[in-house]
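Here's the letter readout for the chains.
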Amino acid sequence: MAAVAAARSRRRLLPYLHRLLHSASPSAAASPSRFLRHASPVPRAADHSPYLRLPAARVTTLPTGLRVVTQAYPANTRMASVGVWVDAGSRYELPGTNGTAHFLEHMAFKGTARRPDAHALEVEIEDMGARLNAYTSREQTTFFADVQARHMPVALDVLSDILQHPRFPEKALQRERGVILREMEEVHGMMEEVIFDHLHAAAFRGHPLGDTILGPEENIKSITKKDLKQYISTHYTCPRMVVSAAGAVNHDEVVDQVKELFTGFSTDPTTADQLVEEFPAVFTGSEVRVENAEMPLAHLAIAFKGSSWTDPSSIPLMVIQSILGSWNRSVGVGNCSGSALARGISNGNLAESLMAFNTNYRDTGLFGIYTVAPPDTLHDLSRLIMEEFRRLASGVSETEVARARNQLKSALLLHIDGSTAVAENNGRQMLTYGRVMPFLELFARIDAVDCATVMETAKEFIIDKDIALAAVGQLSNLPELSWFRSETCSDDEFTRRIFFQNAQNN
């Protein structure tokens, strides 16, 4: 019976396949239009507004200066995220205390007067099925919790308690030194982290922005309870703090809870902007090279001075970052990539990976390329990268700018895929912009970046500008920093500089 049924099925299927294969004429089969009926190889602008009408972020500033921002999105999961974003990071540490901000992040979870040790805190968090975490950057520190919405009051109580009443027990302090030293060893094995620490050192020599977040080993061994308390009293002030919540949250309820719980912080009106103005970061065109003959691949980062968060050029630089793109040989799409640089590197077999980066700070930034490559290709790779940097100032097409805008918008949307990401996005924007920029506005700003804007921005940030460079590995084939600096000039700019020098000599 089974054989008869199979034969009957084949008899019905074969005529269908015959009609499918022979119904179209040869000319129709060769025509690309049937494949482009629903998609085009040419990127087009799209109206994203139907997808971006999210619930608005609500902001309340308390009399103390503490700001509370909430957004009821996504609310249907019955989960919520809440955190405290502090306008304080390693940049604001006193000389000789580099590493304090990160050390404080670790010690905040080691007990309070009401929660005497780390175990008591962990049990309370785990009993709710919640997650408590923190991280430190060069300009910001964040403590946050992901909880079921009904546990939001407890999460706020925990956050306020660990920040206002930390005990810093001596045994935990000594134990955490070892934890951070082991973390440092792990970081030293992560070459991307190492390269970007070296890059900051090269770009901001003599400034705390050039220091590492973890700090040097000698500081980790010597930071005291007094240093931690002084950092909190100086920098954890209401005007420099934001409580951000997202998900299934009620704004008025969160505000009332914050009013009740966050009462022990200083109201010192000094802002992060004032501290930055007192000691601004200065971009230094220098390099850090670490020769390591045992490494099979070289790691290289090339950077220009970028823009601050609020600089009008910040969004055009984001588009340029998208034009440069990212690529990894293991993905296997180099020849088909929208990035001209990625295609060139893939076709020439010059590198294993490529990543454009654009890092913003309060008064400056870093913009450039990080790549991992075989040592013998470093010279040709450097030539290709610098040629692409120069091309951005004169030879960019509207097609690749449109593609870059679309890719940038997609990447931004992917970053708000849950309550944690929404709370983080809003907290960070409140510290950097002083408001939450709606995605409709952000996308409108991105769509306003055209080919001319990209080229003008590239001329401003790339052509005839200083370079910071960091490299680790076998570097004998890597050109000198002076060569990289000379490659930032277009032909016209180079000729002008030569004539200007000759005129001065005469």
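Preceding this paragraph is the structure being described.
What comes next is a walk through the structure. Each chain has its residues counted from 1, following the order in which its sequence is written. Predicted model: local features are reported for residues with pLDDT of at least 70 only, side-chain atom pairs are reported and counted for 80 or more only, and whole-chain, interface and lining totals are derived from all residues. To obtain the side-chain values, all non-hydrogen atoms of the structure were included, while hydrogens and water were left out.

**Observations regarding the sheet that holds strand S2 (residues 67–71)**
1) Next: Between any two strands, at least two bridges found by DSSP are needed for them to pair. Helical segments are the DSSP runs of H or I of at least four residues, strand segments are the runs of E of at least two, and each set is numbered from the N terminus. Sheet architecture is open: six strands sit in the order S1-S2-S6-S3-S5-S4, paired in mixed fashion. Each end of this open sheet is capped by a strand with a single partner; those strands are strand S1 (58–61) and strand S4 (131–136). Taking the axes of each pair of neighbouring strands and ignoring which way they run, one obtains an average angle of 15 degrees across the sheet.
2) Next: In terms of strand pairing, S4 meets strand S5 (residues 141–148) through six bridges, oriented antiparallel. Residue pairing for S5: Leu132 is matched across the bridge by Ala145.
3) Next: By definition, residues are in contact when any of their heavy atoms lie within 4.5 Å. Lines fitted to the C-alpha atoms define the axes, with helices restricted to the stretch that makes contact. Angles between their N-to-C directions range from 0 to 180 degrees. Contacting S1, S2 and strand S6 (241–247), helix H11 (residues 251–261) runs over the sheet at an angle of about 150 degrees to S2.
4) Next: Contacts from helix H17 (residues 419–432) reach S1, S2, strand S3 (79–86), S4, S5 and S6, with the element oriented near 150 degrees to S6.

**Quick notes on helix H7 (residues 170–188)**
1) Next: The end-to-end C-alpha distance of H7 is 27 Å, a good match for the 27 Å that 19 residues give at a rise of 1.5 Å each.
2) Next: Listing the buried residues of H7 in full gives Ala172, Leu173, Glu176, Arg177, Ile180, Leu181, Met184 and Val187.
3) Next: Looking at the buried residues of H7, the elements they touch are helix H4 (100–107), helix H8 (191–203), helix H9 (217–222) and helix H10 (225–235). Here the expected length of a helix is defined as 1.5 Å per residue gap, with one fewer gap than residues. Each residue is assigned to one of three classes by its accessible area relative to the maximum for its type, calculated with a 1.4 Å probe on protein chains only: buried under 20%, partly exposed between the two thresholds, exposed over 50%.

**Re the sheet that holds strand S11 (residues 365–373)**
1) Next: What the six strands build is an open sheet, ordered S7-S12-S8-S11-S10-S9; its pairing is mixed. Two strands bound the open sheet, and with one partner strand each, they are strand S7 (287–291) and strand S9 (326–328). Across the sheet, the axes of successive neighbouring strands diverge by a mean angle of 15 degrees, strand direction being ignored.
2) Next: Summarising the sheet, S7 and strand S12 (residues 468–473) pair through five bridges and their orientation is parallel. Following the sheet pairing, Arg289 is matched in S12 by Ala471.
3) Next: Across the sheet, H8 lies against S7, strand S8 (298–305), strand S10 (353–360), S11 and S12, angled at about 145 degrees from S12, the strand it touches most.

As far as function goes, none of this settles anything; it's purely spatial.
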